[in-house]
Amino acid sequence: MSRLVVVSNRVTLPQKSGDAPAGGLAVALQAALEEHGGIWMGWSGKSSGAKEPAPLDMQQHGNITYALTDLTKTDVEEYYHGFANRVLWPICHYRMDLAEYGRKEMAGYFRVNRFFAHKLAPLIQEDDIIWIHDYHLIPLAAELRQMGLKNKIGFFLHIPWPPADVLFTMPVHEEIMKGLSYYDLVGFQTDHDLANFVGGLIREGIGDALEGGKLSSYGRTFKGGFYSISIETAAFAEYAKKAASNIMVRKAKQSVEGRDLIIGVDRLDYSKGITQRIDAFEHFVKSNPAHHNRVTYLQITPKSRSEVPEYEQMQRMVAEQAGRVNGAIGTVDWVPIRYINRSIGRPVLAGLYRLARIGLVTPLRDGMNLVAKEYVAAQDPENPGVLVLSRFAGAARELRGALLVNPYDIEGTANAIARGINMPLEERKERWGRMMEHLLEHDVTRWCDDFLKDLTGA
């Protein structure tokens, strides 16, 4: 059986005993690597400063070899903070106004992908299957092909893929699309993302759609598909059930006694719609006097990319907005919004999801959004909460029992919160049951298996 080689910007090393369990993606990829035997390569997250990085740090854990490399300070600045997160990320999230294109950063992005290829190539055996992840590493297959590798190489994009008119605002869009043609299988989160990609090929006159999901571009034929990433549904449901006895969860339950809990969990990012969500919550409270002092909105938002000025500015803005709303509608014995700016362990998070009557997941644009799926999996079957979900999250293509909202429509989102809070138990059960049945069938292992099956057959 062929070995599996996974390449991602960051690598998830096995958990030490006593650590919180890893996320579903790490669990699925580690399981696939264990089954096939293989390598997981990526950036260590460390900088070697001005010096050239040392040889790969190779760590063997069971059937998996972890291969980590440092990057120079210049590489981190140009490849990661620069082109990946200040050009590709905003463009793929439809924020052309925030994209800061520079030739130096673009050159750094391609240079680091070439560096990854030179580090990876000596480790590859003839029949290895290579699976590359996310927007940081789009050109990697082209670099490996130029070095003579003929292995099956697949790519999965974890974020949205924009329509042609958005993508074409990026000066190097053709080089990025050409880079994807060197894969045997290019996977997206949703059918909409795949359609955007195919539409861009045809619009630009650089590719065609063939039969059987195949695409032709730059003289190469490859397959395109969509594979909606998921979570370890059954295991997460078990975390949530057991979390009722967790001391932090018990304290949280006591602190909201007599009030309905609304929860939002997002990395601090402009794509998540946090400021619009706070506005919607404020509108809900003001429009529904009966719920005044009867709800608590908990927003958990770990810091993200603090080195990028836009994110530091956003951190201040969200904190100030939460403070303004608390000052405007709070009382001596009621703080309407609790804003936490740090990470919470997954077992505790699972318990908090289970306590919440409303899961408020309203990104302006999201590839999938696994928080929505975790919220559903964490619910008590006898008394489930209601998912209020942005129609612009990939998860909206699957979770048909959610209340779908337009996050730009503050009043509409506020109305959905009110509807969810007041929803009868039977309707809540019916909606939750539909979503949970889908998530149990389409969990992260199914996602992993489906992609690898199509890649090996590509």
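All values reported here derive from a predicted model rather than from experimental measurement. All chains use their own residue numbering, which begins from 1 and follows the written sequence. Side-chain atom pairs in this predicted model are given and counted only at pLDDT of 80 or more, local residue features only at pLDDT of at least 70, and totals for whole chains, interfaces and linings cover all residues. Hydrogen atoms and water are omitted, and side-chain values are computed over all heavy atoms in the structure.

Peer 1: Just checking my understanding: could you explain the layout of surface pockets for this structure?
Peer 2: Over the atoms a probe the size of a water molecule is rolled, and this reveals where empty space is left. For each structure, a 1 Å grid was placed over the protein atoms alone; sets of points admitting a 1.4 Å probe that cannot get out are labelled cavities, open sets with protein on both sides within 12 Å along at least five of seven lines are labelled pockets, and lining residues have an atom within 4 Å of a point. Grid points are joined across faces, edges and corners, and a volume is the space filled by probe spheres set on the points. Counted as a void, the second largest pocket has a volume near 500 Å³. Taken together, 22 residues make up the lining of the second largest pocket; nearest its centre are Lys253, Arg354, Leu355, Ala356 and Asn383. Taken together, the elements giving at least two residues each to the lining of the second largest pocket come down to helix 8 (233-242), helix 9 (247-255), strand 11 (260-265) and helix 12 (346-355). Residue classes in the lining of the second largest pocket are distributed as eight nonpolar, five polar and nine charged. Only DSSP runs of H or I with at least four residues qualify as helices, and only runs of E with at least two residues qualify as strands; both kinds are numbered from the N terminus onward. Just so you know the grouping, Ala, Val, Leu, Ile, Met, Phe, Trp, Tyr, Cys and Pro go in nonpolar, Asp, Glu, Lys and Arg go in charged, and all remaining residues, Gly too, go in polar.

Peer 1: What am I meant to see in the pairing of strand 5 (residues 129-133) here?
Peer 2: The side chains of a regular strand alternate between both faces of the sheet. With five of five residues buried, strand 5 is to be regarded as a mostly interior element. Here strand 5 shows a buried face lined by Ile129, Trp131 and His133 and a second buried face lined by Ile130 and Ile132. Bridge analysis of strand 1 (residues 4-10) against strand 5 gives four bridges, and the strand direction is parallel. In the strand pairing of strand 5, Val7 is matched with Ile132. Here a strand pair is declared whenever DSSP counts at least two bridges between the two strands. Pairing analysis gives five bridges linking strand 5 to strand 6 (residues 152-156), with the strands arranged parallel. Along strand 6, the bridge assignment pairs Ile130 with Ile153. Viewed with both strands pointing away, a crossover whose connecting path from the first strand over the helix to the second turns clockwise is right-handed. Once you follow strand 5 into helix 4 (residues 140-146) and on to strand 6, the crossover reads as right-handed. Summary of the burial criterion: residues with accessible area below 20% of their type's maximum are buried, those above 50% are exposed, and those between are partly exposed, where the area comes from a 1.4 Å probe applied to protein chains only.

Peer 1: What should I look at first to understand the sheet that holds strand 15 (residues 386-390) in this one?
Peer 2: Working definition: the strands of a sheet are paired by backbone hydrogen bonds and lie parallel or antiparallel to each other. With parallel pairing, six strands are arranged side by side in an open sheet as 13-12-11-14-15-16. Every interior strand has two partners, whereas the edge strands, strand 13 (337-340) and strand 16 (403-405), have only one. Between one strand axis and the next, the sheet turns through 20 degrees on average, direction left out of account. Here two bridges tie strand 11 to strand 14 (residues 358-361), and the two strands are oriented parallel to one another. Bridging across to strand 14, Ile262 finds its partner in Ile358. Across the sheet, helix 14 (residues 410-421) lies against strand 11, strand 12 (295-300), strand 14, strand 15 and strand 16, angled at about 170 degrees from strand 16, the strand it touches most. For helices, the fitted line uses only the C-alpha atoms of the stretch in contact; every axis is such a line through C-alpha atoms, and the angle between N-to-C directions lies from 0 to 180 degrees. Any two residues whose heavy atoms approach within 4.5 Å at even a single point are treated as in contact.

Peer 1: Please explain the side chain of Gln30 as it appears in this structure.
Peer 2: Looking at where Gln30 falls in the secondary structure, it is placed in helix 1 (residues 24-36). Overall, the relative accessible area of 15% leaves Gln30 in the buried class. Within 3.5 Å is the distance limit for a polar contact, defined as a pair of N or O atoms, with the added protein rule that one can donate a hydrogen and the other accept it, and that residues adjacent in sequence qualify only through two side-chain atoms. A polar atom in the side chain of Gln30 sits 3.0 Å from the backbone oxygen of Thr12. What Gln30 contacts, discounting residues up to four positions off in sequence, is Thr12, Leu13, Pro14, Trp40, Ile64 and Tyr66.

Peer 1: What is the right way to look at the nonpolar core in this model?
Peer 2: As a rule of thumb, soluble globular proteins bury nonpolar side chains together. What we call a nonpolar core is a set of buried Ala, Val, Leu, Ile, Met, Phe, Trp, Tyr and Cys residues that are connected through their side-chain atoms within 4.5 Å. In this structure, Phe116, Ile132, Ile176 and Phe284 are the most contacted members of the largest nonpolar core, which totals 89 residues. With ten residues, the top contributor of residues to this core is helix 2 (residues 73-92). Leaving out residues up to four positions away in the same chain, Ile176 has contacts with Phe83, Leu88, Tyr109, Phe110, Ile138, Trp161 and Met170. Core analysis: the next-biggest nonpolar cluster, separate from the first, contains 62 residues, Ile229, Ile344, Ala377 and Leu399 among them.

Peer 1: Can you help me understand the sheet that holds strand 2 (residues 38-47) in this one?
Peer 2: Across the sheet, ten strands lie side by side as 3-4-2-1-5-6-7-10-9-8; this open sheet has mixed pairing. One side of each edge strand has no neighbouring strand; the edge strands of this open sheet are strand 3 (57-61) and strand 8 (207-209). Going from strand to strand, the sheet's axes swing by 25 degrees on average, the running direction of each strand aside. As judged from the three bridges shared by strand 6 and strand 7 (residues 185-188), these two strands associate in the parallel manner. In the sheet register, Gly154 faces strand 7, and the bridge partner there is Leu185. Strand contacts of helix 2: strand 1, strand 2 and strand 4 (64-71), with the helix running at about 100 degrees to strand 4, the strand carrying the most contacts.

Peer 1: Any chance you could explain the pattern of salt bridges here in plain terms?
Peer 2: Two side chains with opposite charge may pair up if their charged atoms get near one another. Between Lys or Arg on one side and Asp or Glu on the other, a salt bridge is scored when a side-chain nitrogen of the former is within 4 Å of a carboxyl oxygen of the latter. In the structure shown here, the tally under the stated rule is 26 salt bridges. Between Asp165 and Arg203 there is a salt bridge, and its shortest N-O distance comes to 2.7 Å. Separated by 38 residues along the polypeptide, Asp165 in helix 5 (residues 164-167) and Arg203 in helix 7 (residues 191-204) bring together distant segments of the chain. By the burial criterion, Asp165 is exposed, and Arg203 matches it. A salt bridge links Asp279 to Arg324, with the shortest nitrogen-to-oxygen separation between them at 3.8 Å. On the criterion of sequence distance, the pair formed by Asp279 in helix 10 (residues 274-287) and Arg324 in helix 11 (residues 309-329) is long-range, its members being 45 residues apart. Taken together, the salt bridges that share partners define one network made up of Asp279, Glu282, Lys286 and Arg324.

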